[in-house]
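Here is how the chains run, residue by residue.
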Amino acid sequence: HDKWEIDPQELMLLEELGSGQFGVVRRGKWRGSIDVAVKMMKEGTMSEDDFIEEAKVMTKLQHTNLVQLYGVCSKNRPIFIVTEYMRHGSLLNYLRRHEQSLTSNQGLLLDMCIQICKGMAYLERHNYIHRDLAARNCLVGSENIVKVADFGLARYVLDDQYTSSGGSKFPIKWAPPEVLNYTRFSSKSDVWAYGVLMWEVFTCGKMPYGRLKNTEVVEKVQKGLILEKPKMCYKEVYDVMRKCWSQLPETRPSFRVLKEQLVTVAQRLL
Ligand SMILES: COc1cc2c(cc1NS(C)(=O)=O)=CC1=C(NCc3c(C)cccc3C)N=NC=21
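Residues numbered from 1 in each chain as written. Predicted model: local features only at pLDDT ≥ 70, side-chain atom pairs only at ≥ 80, totals over all residues. Heavy atoms only, no water.

Caption draft 1: Main features of the nonpolar core. With 79 residues, the main nonpolar core has Phe51, Leu91, Ile116, Leu133 and Tyr194 as its most contacted residues. The element that contributes the greatest number of residues to this core is helix α4 (residues 106–125), accounting for twelve residues. Not counting the four nearest positions on each side in its chain, Tyr194 is found in contact with Cys113, Ile114, Ile116, Cys117, Leu133, Cys244, Phe255, Leu258 and Leu262. (Core = buried A, V, L, I, M, F, W, Y, C linked by side-chain atoms within 4.5 Å. Buried < 20%, exposed > 50% of the residue type's maximum accessible area, 1.4 Å probe, protein only. Helix = DSSP H or I, 4+ residues; strand = E, 2+ residues; numbered from the N terminus. Contact = heavy atoms within 4.5 Å.)

Laid out in structure tokens, this is it:
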């Protein structure tokens, strides 16, 4: 019996949590007591067999700051992807809903960034590239724990509007020059996206580059324009963000180095 295969009869599906372009996510109970979230993959959105192969690897990636994949129900269609349940939902929604209390709490915002950095440093150590790191793809649990989700799934999306950098759904505003020009993904392109995620956190969920169109962002990013310092953000924290936006991937810090720098800044400031 394959460890990553979950028997759908052991799942009890509860309320809908959200729906995206890949399908609906519902809260559930597994084996009567384990809180889970279940993503029911809309048919034709994903190369399912490749994903099921990948699920075996993903169930082995375990870290406190990664949303744990429990397994898949792959015997019927649509396939179900089952992960741990995160009771406060996406980080982006959380930031926007709690803006009032968060603006005065730089310590908490910095702690959220450090948690995500730890999860990403673990993926980096395992040579695992996320490809779509952003606040919308992080989830918040109890006691202000924040975890990285959806890591690596971008590879299995069939809709090339989403996967090709020219596509209308491609996350341009989180992409570095080498991805915009050559779709060259690496842990260093994840670092660029992490810098944008830090900016999202310290603006409590603003849209990067405001209402600039994707074509304008591509042009400006290639000319070296970077996001301005969020009002409530310490200069030392912004200096770390800026390092993530070096034009050349090799001059960007690794997540391992970023984590050291952020922890040092946190100790000095708080
Ligand atoms: C409480 O509210 C929520 C909770 C969750 C949630 C969304 C909300 N609501 S919302 C839309 O943000 O407002 C999505 C998940 C999730 N995993 C999702 C997941 C699965 C199942 C399979 C593959 C990849 C991923 C990321 N674990 N807990 C939650």
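Additional details are given in the paragraphs that follow.
Caption draft 2: Region of the structure containing the state of the cysteines. Under the definition given, this model contains zero disulfides. For Cys138, which is in no disulfide, the shortest distance to another cysteine sulfur is to Cys113 and amounts to 9.6 Å. (Disulfide = S-S within 2.5 Å.)

Caption draft 3: Fine view of the sheet that holds strand β2 (residues 23–30). One open sheet holds the five strands; their spatial order is β1-β2-β3-β5-β4, and the pairing between them is antiparallel. Because the sheet does not close on itself, it has two edges, and the strands there are β1 (11–20) and β4 (69–73). Between one strand axis and the next, the sheet turns by 25° as a mean value, whatever way the strands run. Strand direction decides the pairing type here: strand β3 (residues 34–41) and strand β5 (residues 80–84), joined by five bridges, are antiparallel. Paired with Val36 across the two strands is Glu84, which belongs to β5. (Pairing = 2+ DSSP bridges. Axes fitted to C-alpha atoms, helices over the stretch in contact; angles between N-to-C directions.)

Caption draft 4: Molecular detail of the pairing of β1. Judged from the seven bridges that link them, β1 and β2 form a sheet pairing that is antiparallel. Paired with Glu16 across the strands is Arg26, a residue of β2. Counting the residues between successive antiparallel strands, the hairpin from β1 to β2 contains two residues.

Caption draft 5: Region of the structure containing the packing of α4 against helix α10 (residues 255–269). One way to put it is that α4 packs onto α10 with a least axis distance of 8 Å and a crossing angle of 160°. Relative to α10, the element α4 lies roughly antiparallel. Viewed along their axes, α4 and α10 form a crossing whose handedness is left-handed. Only Phe255, Arg256, Leu258, Lys259, Leu262, Val263, Val265 and Ala266 of α10 make contact with α4, whose side of the interface consists of Leu110, Ile114, Cys117, Lys118, Met120, Ala121 and Glu124. The class makeup of the residues in the contact of α4 with α10 is eleven nonpolar, no polar and four charged. (Parallel < 35°, antiparallel > 145°, perpendicular 65-115°, else oblique. Left-handed = near helix turned anticlockwise from the far one by under 90°. Nonpolar A, V, L, I, M, F, W, Y, C, P; charged D, E, K, R; others polar.)

Caption draft 6: Examining the pattern of salt bridges more closely. Enumeration over the complete set of coordinates arrives at 17 salt bridges. A salt bridge links Glu10 to Arg31, with the shortest nitrogen-to-oxygen separation between them at 3.1 Å. With Glu10 in the segment before β1 and Arg31 in the loop between β2 and β3, the pair connects residues that are 21 residues apart, well separated along the chain. Residue class for Glu10 comes out partly exposed when judged on its relative accessible area of 29%. Looking at Arg31, the relative accessible area reads 52%, which means it is exposed. Between Glu48 and Arg77 there is a salt bridge, and its shortest N-O distance comes to 2.6 Å. Note that Glu48 is positioned in helix α1 (residues 48–58) and Arg77 in the loop between β4 and β5, a separation of 29 residues in sequence. Note on Arg77: relative accessible area 39%, which makes it partly exposed. Three or more residues joined by partner-sharing salt bridges are found here, namely Glu15, Arg27, Lys29 and Asp35. (Salt bridge = Lys/Arg side-chain N within 4 Å of Asp/Glu carboxyl O.)

Caption draft 7: Examining the packing of aromatic side chains more closely. Here the structure, examined in full by the defined rule, presents six aromatic pairs. Seen from their ring centres, Tyr128 and Phe151 are 6.2 Å apart, and the 80° between their planes marks the pair as edge-to-face. Taken as a pair, Tyr128 in the loop between α4 and β6 (138–140) and Phe151 in the loop between β7 (146–148) and α5 (160–163) lie far apart in primary sequence, 23 residues in all. Using a relative accessible area of 2% as the deciding quantity, one classes Phe151 as buried. Here the guanidinium or amino end of Arg27 rests over the ring plane of Tyr85, the centre of that ring lying 5.8 Å away. When the ring centre of Trp174 is taken as reference, the NZ or CZ atom of Arg136 above it lies at 4.3 Å. (Phe/Tyr/Trp six-rings, centres within 6.5 Å; stacked < 30°, edge-to-face > 60°. Lys NZ or Arg CZ within 6 Å of the ring centre and 35° of its normal.)

Caption draft 8: Seen up close, the site of the ligand. Residues in close proximity to the ligand total 18 residues, the closest being Thr83, Glu84, Met86, Ser90 and Asn93. Within the contact set of the ligand, a nitrogen atom lies 3.0 Å away from a side-chain nitrogen or oxygen of Thr83. Here an oxygen atom of the ligand sits 2.9 Å away from a polar atom, N or O, in the main chain of Ser90. In the complex, 84% of the free accessible area of the ligand, which totals 620 Å², lies under the protein chains. The residue makeup of the shell around the ligand, split by class, is nine nonpolar, four polar and five charged. (Near = heavy atom within 4 Å. Polar contact = N/O pair within 3.5 Å; in protein donor to acceptor, adjacent residues only side chain to side chain. Areas by Shrake-Rupley, 256 points an atom, 1.4 Å probe, with all protein chains shown as cover.)

Caption draft 9: Spotlight on the environment of Ser104. Within the secondary structure, Ser104 is located in the loop between α3 (99–103) and α4. In this structure, the C-alpha to C-alpha distance between Ser104 and Tyr156, residues 52 residues apart in sequence, is 40 Å. At 3.3 Å, the side chain of Ser104 forms a polar contact with the backbone oxygen of Ser101.

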